[in-house]
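Here's the letter readout for the chains.
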There are 2 protein chains.
Amino acid sequence: MIDKLIEKIDEKKAPIVVGLDPQISMIPDHIRKESEEKFGSTLEALAESFFLFNKEIVNKTCDLIPAVKPQIAMYEALGVPGVAAYKRTIDYCHDKGLVVIGDIKRGDIGSTAGQYAVGHIGSIQVGNEEIKPFDTDFVTINPYMGSDAIKPFTDICKTHDRGIFVLCKTSNPSSGELQDMNIEGIPVYEHVARLIEKWGEELIGSCGYSDVAAVVGATYPEMGEELRAKFPHMFFLIPGYGAQGAGARELAGFFDKNGRGGIVNSSRGIIAAYKNEKYASYGAKNFAEASRAAVLDMKKDLEQAVG
Amino acid sequence: MIDKLIEKIDEKKAPIVVGLDPQISMIPDHIRKESEEKFGSTLEALAESFFLFNKEIVNKTCDLIPAVKPQIAMYEALGVPGVAAYKRTIDYCHDKGLVVIGDIKRGDIGSTAGQYAVGHIGSIQVGNEEIKPFDTDFVTINPYMGSDAIKPFTDICKTHDRGIFVLCKTSNPSSGELQDMNIEGIPVYEHVARLIEKWGEELIGSCGYSDVAAVVGATYPEMGEELRAKFPHMFFLIPGYGAQGAGARELAGFFDKNGRGGIVNSSRGIIAAYKNEKYASYGAKNFAEASRAAVLDMKKDLEQAVG
């Protein structure tokens, strides 16, 4: 699956993934009204508004980008109807030819991890049919529980041609509390990177990168550069650009000499662009056009970093 | 919420939580048939069978136990219909007066963690109504991302009287890969325990324990004993009893001198008891009676340890 992702990045000339992380405050009035007319004042209406919001943004940006990353937390906030909107979003994005990274950050012991793996990147036999319950191409995974929490995912990566991004150095301010602790001169996140490398050594694609990839925050550029140098087969999902504070300059070190090796996520900066002064002239009615403009600007910005 | 949980444990004289972790292979034929007659050969039918299976076990054990712990991975394996069965299970258990621990092991950066918190233990304003999307009493949380991944949960613990169990030392064989690494003579899991103590210091109930509690595996009894001694306000959720290998003897050190301070989880050992030779005479038709017998045996077994 990493080969397919990199191919799409090359084709679109944009190492950009749009985070489809809707929140109620982002939804324009006309979409909220349309949803309420259908479903009244319910969780179903809110979930419908999330889907319609995503759909419009995907319609207006899918020719520019290789991938999207819906953050499942936003959908779980709306309970079961929200999770249904998450699934509809995945299916819609696949219809539009996008690679879908499910940002689920799951992590659990062996047998339980296996069930997450089946649900999110695997399949299940139902009668004569092989059903893919959520059907994302990649998911994000938490490494805190060690190898047996990862193996069920790597097994399915092999059988179903999928990929995973394991949290390594996350973009948030307090990520260092645990991840930067030093163990014999080596920080925890680097120990994790070594595990990720090991977990992925049988899954290296023809592109030279492994289906077992890592999350490394744009907000920690020195660490990104260091990890890039030390782990040449490790592809990076890079959150923290834009709203979380990192710019293109910080990103150069995350990429290899061919400008490959990572994909940069932006969520709020793209999907809520119309709320940003810079794109406010589009207005709430044309929120998705504002998102398109923000993607084009991001693409230009990244070209400086990645070349 | 920790006060309520301890009160219920005292009332039932059983520090036992039943893990409602159904898998397809556990579902007796008559329940599978009943579900297929309603929904055909679909994910919906499998999800229905999970709910009916849980319902019967809850009916037959709810007078004996204080709490249940549905593991959401098992439900996510069935996609959206599975998640709906998770929610139905929670509601049914609440109707039966049980405390519900949602085993979700979520962990994400601040704003995203906030959305998980809203969905699972919080509430959302929809029109004039305050809706609780999943409505569990406790959830399990992953600490890898540090404080800002936890704060949104502790905030909601305060406003909504809820609790969380943060992963500290997990029960699986490879948990040590990260959790046992030594940092200046102190293992990672103890650093995490210190963080958990800090996160929970404003949430100590009249029982002396905090709403911010810890997951410590029964499979590591020395560590449990050590943590019990060092962190007197920290309540433990203790997985790994039974199917994962730990017995009652291993558990004594997890409890305080009053026999409080922890709750022991058993999943397969209870819900799939009828598949165990010891309870096989009940047969698949009476699977829930077998679960009841297994709970009674577990209760007796724990009495030796906890007194």
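Below you will find a few notes about this structure. What you see is a predicted model, and the numbers here were worked out from it, not measured in a lab. (Residues numbered from 1 in each chain as written. Chains lettered and ligands numbered in written order. Predicted model: local features only at pLDDT ≥ 70, side-chain atom pairs only at ≥ 80, totals over all residues. Heavy atoms only, no water.)

1. Quick notes on the interface of chain B and chain A
In step 1: Listed by partner, the interface residues are 67 residues for chain B and 67 residues for chain A.
In step 2: Of the roughly 5,200 Å² buried between chain B and chain A on both sides combined, carbon and sulfur atoms contribute 63%.
In step 3: For the pair chain B and chain A, the number of links is four salt bridges.
In step 4: The partner of Arg106 of chain A in a salt bridge is Glu76 of chain B, and the shortest N-O contact between them spans 2.9 Å.
In step 5: Remark: the boundary between chain B and chain A carries 31 residue pairs in polar contact (both at pLDDT 80 or more).
In step 6: In terms of residues, the side of chain B that touches chain A owes the most to one element, helix α6 (residues 110-121) of chain B, which gives seven residues.
In step 7: By residue class, the composition of the side of chain B that touches chain A is 34 nonpolar, 24 polar and nine charged. (Contact = heavy atoms within 4.5 Å. Buried area = accessible area lost by both parts, 1.4 Å probe. Salt bridge = Lys/Arg side-chain N within 4 Å of Asp/Glu carboxyl O. Polar contact = N/O pair within 3.5 Å; in protein donor to acceptor, adjacent residues only side chain to side chain. Helix = DSSP H or I, 4+ residues; strand = E, 2+ residues; numbered from the N terminus. Nonpolar A, V, L, I, M, F, W, Y, C, P; charged D, E, K, R; others polar.)

2. Some remarks on the relation of the copies chain B and chain A
In step 1: For the pair chain B and chain A, the superposition axis carries a translation of 0.0 Å, the fit reaches an RMSD of 0.0 Å, and the rotation angle comes to 180°. When the rotation and shift are considered jointly, the pair of chain copies conforms to a two-fold rotation axis. Proximity to the rotation axis, assessed at the C-alpha, singles out Ile183 of chain B in chain B; its C-alpha lies 2.6 Å from the axis.
In step 2: Looking at chain B, 100% of its interface residues are interface residues in chain A too, so the copies touch through the same face. (Least-squares fit on C-alpha atoms with pLDDT ≥ 70 in both.)

3. As for the packing of helix α3 (residues 43-61) of chain A against helix α12 (residues 287-306) of chain A
Residue and element names in this part refer to chain A.
In step 1: α12 packs onto α3 with a crossing angle of 45° between their chain directions and a minimal axis gap of 8 Å. Here α12 runs oblique to α3, going by the angle between their axes. You can see that α3 and α12 cross each other, and the crossing is right-handed. Residues Phe53, Glu56, Ile57, Lys60 and Thr61 of α3 form the contact with α12, whose participating residues are Phe287, Ala288, Glu289, Ser291, Arg292 and Val295.
In step 2: Taken together, the residues that form the contact of α3 with α12 break down as five nonpolar, two polar and four charged. (Axes fitted to C-alpha atoms, helices over the stretch in contact; angles between N-to-C directions. Parallel < 35°, antiparallel > 145°, perpendicular 65-115°, else oblique. Left-handed = near helix turned anticlockwise from the far one by under 90°.)

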